[in-house]
Amino acid sequence: MTELATRAQAFGLIAEGVAAGLSAPWRLYLARGCRYLSLSVGDRGEWDAWRTHLGCPELSVRVYDAGGDIRRSSVAEIVLDGCRISVELVEEVSTDDLERLLVVDPTTIEPEDR
């Protein structure tokens, strides 16, 4: 997909991903004028698959308090022909998970540290 000038082209980009075996996003938002397309996915595996499929070089993670619940929002973005495309995953995390947020690779934490 080299141009996202129309709604049909933007939805075609998502249809290509699903046809390639990716899970369909549970929420899709397309702004008027096709300048912003946002996909929300259900788990980390889907997020990784979509960001790899789209080639998203921009990654950001935000942790916040949502009325007593701690949430982590992971966002991958790419700009394609003037259209900003983002893939977002929102996960609830517990205080047990906070230690993992401070480690680059959570799998390197020793079992007694978990």
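Residues numbered from 1 in each chain as written. Predicted model: local features only at pLDDT ≥ 70, side-chain atom pairs only at ≥ 80, totals over all residues. Heavy atoms only, no water.

1. Considering the pairing of strand β2 (residues 36–40)
- Of all five residues that make up β2, four are buried, and the element is covered over most of its length.
- With four bridges connecting them, strand β1 (residues 27–30) and β2 associate as antiparallel partners. Residue pairing across strands places R27 opposite S40, the latter belonging to β2.
- The hairpin formed by β1 and β2 contains five residues between the paired strands, and G33 there has a positive phi angle of roughly 85°. (Buried < 20%, exposed > 50% of the residue type's maximum accessible area, 1.4 Å probe, protein only. Helix = DSSP H or I, 4+ residues; strand = E, 2+ residues; numbered from the N terminus. Pairing = 2+ DSSP bridges.)

2. Side note on the sheet that holds β2
- Taken together, the five strands give an open sheet; going across it, the order is β1-β2-β5-β4-β3, and neighbouring strands pair in mixed fashion. Edge strands, defined here as strands with exactly one partner in the open sheet, are β1 and β3 (58–66). Strand-to-strand twist across the sheet, computed as the mean angle between neighbouring axes with direction ignored, equals 20°.
- Sheet strands in contact with helix α1 (residues 7–19) are β1, β2 and β5 (83–93), and its direction is about 155° off that of β1. (Axes fitted to C-alpha atoms, helices over the stretch in contact; angles between N-to-C directions. Contact = heavy atoms within 4.5 Å.)

3. Concerning the pairing of β3
- Bridge count between β3 and strand β4 (residues 69–80): nine bridges; the pairing is antiparallel. Note that in β4 the partner of E58 across the bridge is E77.
- What sits between the antiparallel neighbours β3 and β4 is a turn of two residues, in which G67 has the positive phi angle 65°.

4. Digging into the side chain of S73
- Tracing the backbone shows S73 in strand β4.
- Note on S73: relative accessible area 4%, which makes it buried.
- Sequence-distant contacts of S73, defined by excluding residues within four places in its chain, comprise S60, V61, R62, Y64, E88, L89 and V90.

5. Remarks on the environment of S38
- Here S38 is to be found in strand β2.
- Among all residues touching S38, those that are not within four sequence positions of it are R27, L28, Y29 and S86.

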